[in-house]
Amino acid sequence: MASQVLWFLVLLTLTTICKSKPCHPNDLKGLQDFKAGIHTDTSSRLSKWIGQDCCKWEGIFCSNVTGRVVSISLPGLYTLDGAPIQSAMVGELSPSITLINFLEVIDIGELVGLTGEIPPSIGFHLPNLRKINFLGNKFTGALPESICKLSKLNELYLQENGFSGFLPSCIGGVKNLRRMDVHSNKLSGVIPESITRLKNLESLCLQENFLTGNIPENIGNLQELKELDLSSNLLTGIIPRAISRLKSISVLYLNANQLEGEIPLPSKPGELSSLSFVRLQNNRFSGTIPSSIGYLTSLQRLSLANNQLKGSIPSSLGNLKSLTELYLSYNQLSGQLPRSIGGISKLLYLSISHNMIEGLLPREISSLSNLQSLDLSFNHLNMSTIPKWLMQLPSLSRIYLAGCEIHGEIPDYISKSLLELDLSANHLSGRIPAWIGSISQLYYLNLSKNKFVSEIPSTVTNLDILGVLDLHSNKLEGSVNAVFQIKSRFAGGSLTYLDLSDNSFSSGVEHIGMGGQERIQHLNLSHNFLKGRLPTSTGTLKSLETLDLSYNGLSYNLPTSLANVTILERLMLHKNQFIGRIPEEFLKLKKLKELNLSDNLLEGKIPYGKPFLDFPQTSFSGNRGLCGKPLPPCKS
């Protein structure tokens, strides 16, 4: 009998423990106020918030011990093949953007989620919150000051919304905050100094807002900070020297601001010893790259591009044995490339274009067996020809040598495993070699601004994944037919950008659109000697945004089918011999921002309405038979 009583008491205890506690009245009130502040919920999650037990509501998590609400997780959702997926699964993509894996395109559907404002009551009625996740919704309005009352809050994810106003100046009172992410909103004002009192903060992401002012002077107090991203704001001033005290920092992104002054680097070994990823590009930094950069031995990726840095590249870069990516383009760096670069054996990407680097290319670069991409364009390098040893780098697949004073013909030892090749703005001459068609994986080819002659080799039809072809400003002649016959392995073609302007081509325009180039976005055949009719197949180029056929000898009527290219933004057909009327159907081209039909033989009344009413007389002048707005009225 005693054992039966004992088992009954044990069962009663377990039942009591396992039975969920009802929602605390304060938590219920806070969540009901939150729901009331939501204008729309296209994810239909809040419609399931019924009854009194809020711990069972979708997106709400409660403590097993206290029964209090500890987490609200309601991230925005995308739809993939009709099913919702969390926005976190697609990284930082915005609505309607597509995921692109080289040439494979996966469509991401509309964003579904919450629209409204966060009520102040969230900080008064939900004091046990440890996590708030509203990533990827459509929240607007200011961040309520009451957030500062959430003393237990560890994680705050408000990124990719439409929040505006200032960051609460009291945010430093949320002592337990470890992760704070409010990137991709419309926040303005300064970064509050109180944020430097968050001693437990490990990650601070405020990028892609409109924040102004300086980086807080006491930023070095955040000793636990591992990730700091303030990029793409309007920050000014210098980087505080105190930043070198961030002993745990691994990620430092300050790019795309208006920061200036010298770049503060460690004054001795051991400082910033964990720093691995640094982006400082697109600012106004001046001075030199200090030799102390060699102390940052954990660096894996470094970008200082598009600043005002001068002087030579320090040889101490060779100490950065973990470095995989180095971007120094668009500065005023001078001197020779240090031979020590050849010792950075893990280097994958090296870009130093648009500087004043001079002298010979150090042979030590031939040791970079892992190098995949090299950009030396627009320097004062004494190259004259492409070094053979450079083409023998086993991993090199992208090479950019534009404006490097290279002469002669393209050497036949060019690697046949290239994905991208840019030899533009040099002094190359002769024919484009037929073997170019054997570079089977070539996606990007730029040979513009050289002195190439003769026709485009027919072998280009073998480049079945070619996406970008730029041959403008050469002395090429004959037919453009070959490029429109590229046998793409992808439905709709792979070509997205084609520029053959400023040459002497005379035929082949009738093949536009015949080869299935539905993905082409930019087509420029201007300043040639093309004659004949613009084919109706031009209207099949549904992705076309720019069409420039100006300064040719094209004639006949404008094809009505061109009105099917409804996303067209730029249409340049001037200086030709087109005849007949402007098709009324062209009024469908609602996205046109630039139009020029001048200096042709067009006649009749200009179709009345937008977008034509938005363009000046110069868009239609030089056609003696045209009349109607914006030209003088037609005679009855």
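First, a word on what this report is: a plain description of the structure on this page. (Residues numbered from 1 in each chain as written. Predicted model: local features only at pLDDT ≥ 70, side-chain atom pairs only at ≥ 80, totals over all residues. Heavy atoms only, no water.)

1. A few points about the pairing of strand β46 (residues 577-580)
Next, step 1: With three bridges joining them, strand β44 (residues 553-557) and β46 adopt parallel strand pairing. Bridge pairing links Y556 to F578 in β46.
Next, step 2: Alignment of β46 against strand β48 (residues 601-605), held across two bridges, turns out to be parallel. Looking across to β48, one finds that G580 is bridged to L602. (Pairing = 2+ DSSP bridges. Helix = DSSP H or I, 4+ residues; strand = E, 2+ residues; numbered from the N terminus.)

2. A short note on the sheet that holds strand β17 (residues 210-212)
Backbone hydrogen bonds hold the strands of a sheet together, and the pairing may be parallel or antiparallel.
Next, step 1: Read from one edge to the other, the open sheet built from three strands follows the order β13-β15-β17, with strand pairing classed as parallel. Each edge of the sheet is formed by a strand with only one pairing partner; in this case those strands are β13 (164-166) and β17. Pairs of neighbouring strands in the sheet enclose a mean axial angle of 10 degrees, with direction left out of account. (Axes fitted to C-alpha atoms, helices over the stretch in contact; angles between N-to-C directions.)

3. Here's the deal with the sheet that holds β46
Next, step 1: Taken together, the five strands give an open sheet; going across it, the order is β42-β44-β46-β48-β49, and neighbouring strands pair in parallel fashion. Here the strands that pair on one side only, and so sit at the sheet edges, are β42 (531-533) and β49 (625-627). When the angles between neighbouring strand axes are averaged without regard to direction, this sheet yields 25 degrees.
Next, step 2: Here three bridges tie β48 to β49, and the two strands are oriented parallel to one another. In the sheet register, K605 faces β49, and the bridge partner there is C627.

4. Considerations on the packing of aromatic side chains
Geometry of an aromatic ring pair is reported as the spacing of the ring centres plus the angle between the planes.
Next, step 1: Taken as a whole, this structure holds eight aromatic pairs when the rule is applied.
Next, step 2: Both rings, one in F34 and one in W49, keep their centres 6.1 Å apart while their planes meet at 40 degrees; by these two values the pair is tilted. Taken together, the positions of F34 in helix α2 (residues 25-36) and W49 in the loop between β1 (38-41) and β2 (60-62) put the pair 15 residues apart, joining distant regions of the chain. Take F34 and W49: they sit in the same class, and that class is buried.
Next, step 3: On the numbers, 5.0 Å between centres and 20 degrees between planes, the contact of W49 with W57 is stacked.
Next, step 4: Ring pairs connect the aromatic residues F34, W49, W57, F134, F139 and F163, which therefore count as one cluster.
Next, step 5: If you follow K416 out to its NZ or CZ, it ends over the ring of W435, 4.4 Å from the centre. (Phe/Tyr/Trp six-rings, centres within 6.5 Å; stacked < 30°, edge-to-face > 60°. Buried < 20%, exposed > 50% of the residue type's maximum accessible area, 1.4 Å probe, protein only. Lys NZ or Arg CZ within 6 Å of the ring centre and 35° of its normal.)

5. Some thoughts on the pattern of salt bridges
Next, step 1: Scanning the entire structure with this criterion turns up 14 salt bridges.
Next, step 2: Between R570 and E594 there is a salt bridge whose closest N-O contact spans 3.0 Å. Taken together, the positions of R570 in strand β45 (residues 570-572) and E594 in strand β47 (residues 594-596) put the pair 24 residues apart, joining distant regions of the chain.
Next, step 3: Judged by its relative accessible area of 26%, R570 falls in the partly exposed class.
Next, step 4: Accessibility expressed as a relative area gives 34% for E594, which makes it partly exposed.
Next, step 5: What you see here is one network of salt bridges that share partners, running through E155, R178 and E202. (Salt bridge = Lys/Arg side-chain N within 4 Å of Asp/Glu carboxyl O.)

6. Structural notes on the nonpolar core
Next, step 1: M180, L390, L401, L523 and F620 are the most contacted members of the largest nonpolar core, which totals 165 residues.
Next, step 2: Contributing elements (two or more residues each) for this core: α2, β2, β3 (69-73) and α4 (388-391). (Core = buried A, V, L, I, M, F, W, Y, C linked by side-chain atoms within 4.5 Å.)

7. Here's the deal with the pairing of strand β38 (residues 475-479)
Next, step 1: Relative to β38, strand β36 (residues 451-454) is paired through two bridges, and the arrangement is parallel. Paired with S454 across the two strands is L476, which belongs to β38.
Next, step 2: For β38 and strand β40 (residues 504-507), the ladder comprises three bridges, and the chain directions are parallel. Paired with E477 across the bridge in β40 is S504.

8. Regarding the environment of F452
Next, step 1: Among the structural elements, F452 can be located in strand β36.
Next, step 2: You can call F452 buried: its relative accessible area is 0%.
Next, step 3: In the structure, F452 is positioned 129 residues away from L323 in sequence and 38 Å away in space, judged by C-alpha atoms.
Next, step 4: Those residues in contact with F452, other than ones at most four positions away along the chain, are I410, L428, S429, G430, R431, I432, L447, N474, K475 and L476. (Contact = heavy atoms within 4.5 Å.)

9. Overview of the side chain of E271
Next, step 1: Looking at the element boundaries, E271 is found in the loop between β20 (260-261) and β21 (277-279).
Next, step 2: One buried charged residue, E271, remains without a salt bridge, the closest side chain of opposite sign being K268 at 4.6 Å.
Next, step 3: If sequence neighbours within four positions are ignored, E271 has contacts with S244, P266 and L296. (Lys, Arg positive; Asp, Glu negative; His and termini not counted.)

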